[in-house]
Amino acid sequence: MTEMPLPGLRERKKQQTRATIQAEALRLFAEQGYDATTCEQLAAAAGVSPATFFRYFPTKEDVVLQDDYDPLLTASLHERPLHEAPVVAVRRALASTLAPLYLTDAVAIRARTQLILSVPALRARMHEQTRKAEKLLAVELAARAGLDPDNLRVRAVAAALAAALTTAVESWASQGGELPARIDEALDALEHHLTHP
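Residues numbered from 1 in each chain as written. Predicted model: local features only at pLDDT ≥ 70, side-chain atom pairs only at ≥ 80, totals over all residues. Heavy atoms only, no water.

### Details of the pattern of salt bridges
And step 1. Tallied over the full model, the rule gives twelve salt bridges.
And step 2. Here D62 makes a salt bridge to R125, at a shortest N to O gap of 2.6 Å. Here R125 lies in helix α7 (residues 120-145) and D62 lies in helix α4 (residues 60-65), a separation of 63 residues in the sequence.
And step 3. Since its relative accessible area comes to 8%, D62 is described here as buried.
And step 4. Under the relative-accessibility criterion, R125 is labelled buried at 18%.
And step 5. Taking the shortest distance from any N to any O, the salt bridge between R91 and D188 comes out at 3.3 Å. With R91 in helix α6 (residues 86-118) and D188 in helix α9 (residues 179-193), the pair connects residues that are 97 residues apart, well separated along the chain.
And step 6. The class of D188 is partly exposed, set by a relative accessible area of 30%.
And step 7. Because the salt bridges share partners, they merge into one network encompassing R91, D184, D188 and E191. (Salt bridge = Lys/Arg side-chain N within 4 Å of Asp/Glu carboxyl O. Helix = DSSP H or I, 4+ residues; strand = E, 2+ residues; numbered from the N terminus. Buried < 20%, exposed > 50% of the residue type's maximum accessible area, 1.4 Å probe, protein only.)

Have a look at this one:
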């Protein structure tokens, strides 16, 4: 597997600013409620100007919904051997990328997911995010199979995978347990109940 190059100083500073804004946002949302918290308050809590805040997050919803997980998954999936069936490849790609993320981000992921499930505007935007994840998966799965991303079978498998991941994360956020195990259980159900394209 190819190693991802380490980000430069400027990129690391951007990542840190982004992470600070999101952490402060989750804190304020927990204290004041999502609807009662303004973007100006979020910017002040993170120690940035409103203009800087909006450069990182165009809307308040984006503070909760944006992350880098989909690109990490597709990069890891790209490295999987081509002979692996789609669900197997995704399971193994997730296993290699999720473990380190879960160790560092579990509390934030759970807080974000619980917030999304409790705020109607965020739930609606989450469906858009799931559609974007489907498209990313479809592109990668199509490339692996030498098919077009618009191929119905590719799109159906990508949609099933994205739905399984979303369901597993929601189940973990509401019922507890370990996220990697929940995701693996959901993907195991797909692997043994769906025919591969």
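### Re the nonpolar core
Proteins that are soluble and globular tend to have nonpolar side chains buried together.
And step 1. The biggest cluster of nonpolar side chains holds 31 residues, and the ones touching the most others in it are L137, L161, W172, L179, I183 and L187.
And step 2. The set of elements that each furnish at least two residues to this core consists of α5 (69-78), α6, α7, α8 (152-175) and α9.
And step 3. By residue number, the principal contributor to this core is α8, which donates eleven residues.
And step 4. For L187, the residues in contact, after removing those within four places along its chain, are V87, V90, R91, L94, L161, A164 and L165.
And step 5. Counting residues in each nonpolar core, the second largest holds 21 residues, with F29, L42, A46 and V48 among its members. (Core = buried A, V, L, I, M, F, W, Y, C linked by side-chain atoms within 4.5 Å. Contact = heavy atoms within 4.5 Å.)

### Here's the deal with the layout of surface pockets
And step 1. Size it by volume and the second largest pocket reaches roughly 860 Å³.
And step 2. Lining the second largest pocket are 33 residues, and of these D67, Y69, D70, R112 and V169 sit closest to its centre.
And step 3. Listing elements by their share of the lining of the second largest pocket, those giving two or more residues are α4, α5, α6, α7, α8 and α9.
And step 4. Each residue belonging to the lining of the second largest pocket can be placed in one class, and the counts come to 18 nonpolar, seven polar and eight charged. (1 Å grid on protein atoms, 1.4 Å probe; cavity = no way out; pocket = protein on both sides within 12 Å on 5 of 7 lines; lining within 4 Å. Points joined across faces, edges and corners; volume = space filled by probe spheres on them. Nonpolar A, V, L, I, M, F, W, Y, C, P; charged D, E, K, R; others polar.)

### Concerning the packing of aromatic side chains
And step 1. Across all of its chains, the model carries four aromatic pairs by this definition.
And step 2. When the centroid spacing of 4.9 Å and the interplanar angle of 55° are considered together, the rings of F29 and Y34 count as tilted. Accessibility assignment for this pair places F29 and Y34 in one class, buried.
And step 3. Ring centres of F53 and F57 lie 6.1 Å apart, and the angle between their planes is 45°; on these two criteria the pair is classed as tilted. We note that F53, like F57, is buried.
And step 4. Taken together through their ring pairs, the aromatic side chains of F53, F54 and F57 make up a single cluster.
And step 5. For K60, the ring lying beneath its charged end belongs to Y34, and the centroid distance is 4.3 Å. (Phe/Tyr/Trp six-rings, centres within 6.5 Å; stacked < 30°, edge-to-face > 60°. Lys NZ or Arg CZ within 6 Å of the ring centre and 35° of its normal.)

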